[in-house]
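# Summary of structural features
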Amino acid sequence: MEFGTERVKRARYAVAAVFCVHGAVTGSFATRIPWIQDHASISAGQLGLALAFPAFGAAVAMPLAGAVTHRLGARNALRGLLALWTLALVLPSLAPNIWTLCAALFVYGATAGMSDVAMNALGVEVENRLGKSIMSGLHGMWSLGALIGSAGGTLAAHLGSDARLHHLLAALVLTALGLAACQGVLDLRSAPDAEAPPHFTLPPKSALVIGAVGFCAVFAEGASLDWSAVYLRDVLSTDPGLAAASTTAFALTMAIARIAGDKVVDRFGPVPTVRVGGVAATAGGLLVVFAPNVPLALTGFALIGLGVAVVVPLAFAAAGRSGPNPSQAIAGVATITYTSGLIAPSAIGAVADATSLVVSFGLVTVLAFGLVVGAQVLRGAGRESAPLEPAAK
């Protein structure tokens with residue numbers, strides 16, 4: 001039984017709201033990382049170690065998302081996984097030391113990864129049924145959510161509020177909003193005789209090349225989102241409220257670029273769009289590294305956000321046309337890019353502990369330039385997926 005056009009259009013807005021809620025959790029967390037670091041009394045290197053644990057959690061849990069969706073259906077799976085993610089926001093700020101922070105961030109990453117897989121799968125399905133590109137716009141809604149969350153975090157940091165109270169209130173509000181949004185998504189289910197998807201599968205070689213470009217973009221995104229506030233505080237001696245504003249500037253340009261991304265790519269093509277974005281991100285990285293003052297550093301973080309914004313949606317699209325098994329290729333690219341975003345903060349912390357945060361963002365600048373070099377592999381960006389069966393009504 002097929003869904004009508006109007007039903008699919010409404011589902012698009014519901015999925016967009018889910019993306020926004022998911023992003024708001026990340027933005028709320030990122031702006032309070034300096035508070036969490038001080039509360040746990042840990043160094044930059046220890047913070048980097050702790051920030052590796054979301055990657056471990058995601059690596060363990062993400063392969064299970066397909067099986068959960070297969071068993072419960074897309075809507076119920078997304079409802080449960082998104083609620084777990086929004087509530088997990090509370091955990092990191094409660095951690096009093098490095099070990100409890102690592103455990104909290106493991107759960108944080110596991111719930112983030114599983115809900116991310118579920119919402120992107122529904123986004124691709126809606127895009128497929130509408131017959132036009134919407135993924136960049138959906139990721140734009142994620143960035144808008146991150147902007148809203150980071151704006152709230154900036155205000156909370158400026159007021160000197162306790163992150164435990166801030167995150168508890170944010171988690172309750174976002175959980176309620178997420179559950180409401182999930183009511184409008186398509187209730188898709190696998191065919192009754194369909195086999196459950198495998199928990200682990202190796203991506204094809206074609207996906208590895210595309211994933212490498214996505215890796216560069218998401219590494220720059222993850223590093224900037226989680227470390228920009230710490231960078232301004234420690235390198236440029238900025239007060240906590242203004243330091244948190246760097247995350248807001250980054251999220252703002254990401255949101256604008258992604259919301260406009262579908263039209264830009266349709267007009268200029270994926271390769272020129274990514275190359276120009278790579279130039280912007282590289283310039284932003286150089287500004288961050290050499291900035292003598294806060295305004296230039298904020299401009300640098302904003303340019304990084306602008307430059308990497310549309311790469312991930314285009315990487316998913318290119319993967320879908322890169323070989324005979326689109327779903328396997330997309331899953332491979334998703335694993336590479338998502339893991340990149342989760343390991344970037346810990347890698348930045350490790351380099352900063354061995355050298356300095358300035359050197360860490362020199363690495364980000366080099367990877368941003370990789371977008372200019374590797375943009376060609378995204379030439380085949382397009383839409384392809386196999387639709388699921390809708391649940392009986």
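Residues numbered from 1 in each chain as written. Predicted model: local features only at pLDDT ≥ 70, side-chain atom pairs only at ≥ 80, totals over all residues. Heavy atoms only, no water.

One finds Phe 361 and Leu 378 to be the most contacted residues of the largest nonpolar core, which totals 114 residues. Of the residues forming this core, the biggest block, 15 residues, is contributed by helix 11 (residues 205–235). Once residues lying within four places of it in the same chain are set aside, the contact partners of Leu 378 are Ile 210, Val 213, Pro 270, Val 271, Val 274, Val 311, Leu 314, Ala 315 and Ala 318. (Core = buried A, V, L, I, M, F, W, Y, C linked by side-chain atoms within 4.5 Å. Buried < 20%, exposed > 50% of the residue type's maximum accessible area, 1.4 Å probe, protein only. Helix = DSSP H or I, 4+ residues; strand = E, 2+ residues; numbered from the N terminus. Contact = heavy atoms within 4.5 Å.)

Here we take up the packing of helix 1 (residues 5–30) against helix 9 (residues 135–158). The contact between helix 1 and helix 9 brings their axes to 6 Å, and the two run at 40 degrees. Considering the angle they form, helix 1 stands oblique to helix 9. The handedness of the crossing between helix 1 and helix 9 is right-handed. Contacts between helix 1 and helix 9 involve Arg 12, Val 15, Ala 16, Phe 19, Cys 20, His 22, Gly 23, Ala 24, Thr 26, Gly 27 and Ser 28 on the former and, on the latter, Leu 138, His 139, Met 141, Trp 142, Gly 145, Ala 146, Ile 148, Gly 149 and Ser 150. (Axes fitted to C-alpha atoms, helices over the stretch in contact; angles between N-to-C directions. Parallel < 35°, antiparallel > 145°, perpendicular 65-115°, else oblique. Left-handed = near helix turned anticlockwise from the far one by under 90°.)

The phi dihedral of Ser 41 falls on the positive side, at around 55 degrees, and the residue is not glycine. Its location among the elements puts Ser 41 in the loop between helix 2 (33–40) and helix 3 (44–50). For Ser 237, which is not a glycine, the phi torsion comes out positive at approximately 55 degrees. By the secondary structure assignment, Ser 237 is in the loop between helix 11 and helix 12 (240–268).

Right, let's talk about the pattern of salt bridges for a bit. Scanning all chains against the criterion turns up 5 salt bridges. With a shortest N-O distance of 3.6 Å, Asp 38 and Arg 233 are connected by a salt bridge. In this pair, Asp 38 is assigned in helix 2 and Arg 233 in helix 11, connecting sequence segments 195 residues apart. What emerges from the salt-bridge pattern is a single network uniting Asp 38, Arg 233 and Asp 234. (Salt bridge = Lys/Arg side-chain N within 4 Å of Asp/Glu carboxyl O.)

Following the sequence through the fold, Ala 180 ends up in helix 10 (residues 163–182). Overall, the relative accessible area of 52% leaves Ala 180 in the exposed class. Residues Ala 180 and Val 18, spaced 162 residues apart in sequence, show a C-alpha to C-alpha distance of 9.1 Å.

Further remarks concern the side chain of Ser 340. Position of Ser 340 among the secondary structure elements: in helix 16 (residues 326–354). Relative accessible area serves as the criterion here: at 1%, Ser 340 is assigned to the buried category. A distance of 3.1 Å separates a polar atom in the side chain of Ser 340 from the backbone nitrogen of Phe 219. What Ser 340 contacts, discounting residues up to four positions off in sequence, is Phe 215, Val 218 and Phe 219. (Polar contact = N/O pair within 3.5 Å; in protein donor to acceptor, adjacent residues only side chain to side chain.)

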